[in-house]
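Examining the three-dimensional arrangement
Each chain, letter by letter, is given below.
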Amino acid sequence: MPRNGAPTRERILDAAERLVIDNGYAATSLDRVIAESHSSKGSFFHHFASKDELARALVERYAAADIAHLETALAEANAASDDAAERVLRFVRSFEDTADELMSAQSSCLYVSVLTERELVERGTSGQVTNAIVAWREGLTGLLQAALPDPPGLDLHDVADHLFVTFEGAFILCRATGDPSHMRRQLRAVRQLYQALLSR
């Protein structure tokens, strides 16, 4: 009976994700991925034809998990309150409350590694990142439009993008300073800015 190779594939992807986030794609060798995942070259090439294919699978998996996280937070915010402004704040608060847990699990974001490496951008992996960005923009814009049907000279897409920008900037800030609490503090600042806007 053939063995299920899914656990090995996931183990390789887990190891590759950690290494690419910590060291960058170009500096992550296949030998290191194989060693860190406790697999073999035969196992690796059974699941991935090349390093490029690994990168595409890695970004696809990361983006899918990111969008799933977004959709869960949107569903929870919509179920938590009938007040549109409160739903926006609950949405942001859900990430603020889990920021320390996020930073204990990873030191940065795979998107940063992908978009700062020309080699990956040229191979088309940035398209999956763009799809995730659009999903975040549209999801939060929907909450904002319900709370601010007539925004005072604001483009709500830009306001929604500010949350994504905060996430990515906070990853860099945490890494540069060695202080992971910046993620929680920056998300709190965004929530407070949204609260001030919504209370006008």
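Going by the structure above, here's the rest.
In this section: the side chain of Arg 191. In this structure, Arg 191 sits in helix 11 (residues 181–198). Judged by its relative accessible area of 12%, Arg 191 is buried. Beyond its immediate chain neighbours, meaning those up to four positions away, Arg 191 contacts Leu 89, Val 92, Arg 93 and Glu 96.

Ranked by size, the top nonpolar core spans 57 residues in total, and within it Leu 54, Phe 91, Leu 163, Met 183 and Tyr 194 carry the most contacts. The greatest single-element share of this core, amounting to 11 residues, is contributed by helix 4 (residues 51–80). Counting residues domain by domain, this core receives three or more from each of domain 1 (1–48) and domain 2 (56–198).

To find leftover empty space, a probe the size of one water molecule is rolled over the atoms. Of the voids in this model, the largest pocket is the one considered here, and its volume is about 490 Å³. Along its surface, the largest pocket is lined by 20 residues, and Tyr 62, Asp 66, His 69, Leu 102 and Gln 106 are the ones closest to its centre. Elements with a contribution of two residues or more to the lining of the largest pocket: helix 4, helix 6 (99–105) and helix 10 (156–177). Sort the elements by how many residues they give to the lining of the largest pocket and helix 4 lands first, with five residues. Among the residues making up the lining of the largest pocket, the classes are represented as 12 nonpolar, three polar and five charged.

What counts, and where the lines are drawn
- Residues numbered from 1 in each chain as written.
- Predicted model: local features only at pLDDT ≥ 70, side-chain atom pairs only at ≥ 80, totals over all residues.
- Heavy atoms only, no water.
- Helix = DSSP H or I, 4+ residues; strand = E, 2+ residues; numbered from the N terminus.
- Buried < 20%, exposed > 50% of the residue type's maximum accessible area, 1.4 Å probe, protein only.
- Contact = heavy atoms within 4.5 Å.
- Core = buried A, V, L, I, M, F, W, Y, C linked by side-chain atoms within 4.5 Å.
- Domains from an automatic or database assignment.
- 1 Å grid on protein atoms, 1.4 Å probe; cavity = no way out; pocket = protein on both sides within 12 Å on 5 of 7 lines; lining within 4 Å.
- Points joined across faces, edges and corners; volume = space filled by probe spheres on them.
- Nonpolar A, V, L, I, M, F, W, Y, C, P; charged D, E, K, R; others polar.

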